[in-house]
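One letter stands for each residue in the lines below.
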Amino acid sequence: MSGTVYWVLQLQVGDGRDGDLRDLMTRMVKATEADEPGTIDYLWSLSADGRSCHIFGRYRDSAAAMVHIGNFMEKFADQFFDILTPTGFVLYGEPDAAVRDALAGFNPTIMVNADGFRR
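Our subject in this report is the structure included herewith.

Basis of the calculations
Residues numbered from 1 in each chain as written. Predicted model: local features only at pLDDT ≥ 70, side-chain atom pairs only at ≥ 80, totals over all residues. Heavy atoms only, no water. Helix = DSSP H or I, 4+ residues; strand = E, 2+ residues; numbered from the N terminus. Rg over C-alpha atoms; globule rule 2.2 N^0.38 Å. Buried < 20%, exposed > 50% of the residue type's maximum accessible area, 1.4 Å probe, protein only. Contact = heavy atoms within 4.5 Å. Areas by Shrake-Rupley, 256 points an atom, 1.4 Å probe, with all protein chains shown as cover. Lys, Arg positive; Asp, Glu negative; His and termini not counted. Charge placed at Lys NZ, Arg CZ, Asp CG, Glu CD. Phe/Tyr/Trp six-rings, centres within 6.5 Å; stacked < 30°, edge-to-face > 60°.

Brief notes about the overall build of the chain
Here comes step 1: A tally of helices and strands in the chain yields 4 helices and 5 strands.
Here comes step 2: Taken from N to C terminus, the helices and strands of the chain fall in the order β-α-β-β-α-α-β-α-β.
Here comes step 3: By the compact-globule yardstick of 14 Å for 119 residues, the chain fits well, its C-alpha radius of gyration being 14 Å.
Here comes step 4: Dimensions of the chain, computed from C-alpha atoms along their principal axes, come out at roughly 40 × 30 × 25 Å.
Here comes step 5: Burial analysis of the chain (119 residues in total) assigns 40% to the buried set.
Here comes step 6: Of the contacts formed within the chain by residues at least 6 apart in sequence, a portion of 70% connects residues at least 24 apart.
Here comes step 7: On the chain, roughly 6,800 Å² of surface is accessible, and the fraction owed to carbon and sulfur atoms is 51%.
Here comes step 8: Here the chain contributes 11 positively and 17 negatively charged side chains, and the mean placements of these two sets differ by 5 Å.

What follows is the structure, encoded as structure tokens:
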């Protein structure tokens, strides 16, 4: 599990913003896949009623997570926060101080690796 950083961001979708969300989601997924080779997983999930959204991101290391955070802030943050309201954030792995500082505004719950394995 050395160096890996991953998180689950929980969000509420704004009323009447379903179409905007789908457009934003598509653009963010395409940009992340194209521009961020250190992103291992980047998955968006929606509840059955479409009101709740979770984003799972997993990054090779803190540097890769910071690339994602930088791209997000530069290209997508304004529209993202216009459509979605954060309701929870859980940060896992081995984020360095830069990642923790960059995500501090989300007031994340930081979970420290205690045991386990990855194949």
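As for the packing of aromatic side chains
By convention here, two paired aromatic rings are described through the distance between centres and the angle between planes.
Here comes step 1: A full pass over the atoms with the stated rule returns 11 aromatic pairs.
Here comes step 2: Ring centres of Phe 72 and Phe 80 lie 4.9 Å apart, and the angle between their planes is 90°; this geometry places the pair in the edge-to-face category.
Here comes step 3: Classification of Phe 72 as buried rests on a relative accessible area of 11%.
Here comes step 4: A relative accessible area of 1% places Phe 80 in the buried class.
Here comes step 5: Between Phe 80 and Phe 81 the ring centres are 5.2 Å apart and the planes differ by 85°, which places this aromatic pair in the edge-to-face class.
Here comes step 6: On the basis of relative accessibility, which here comes to 36%, the residue Phe 81 falls in the partly exposed class.

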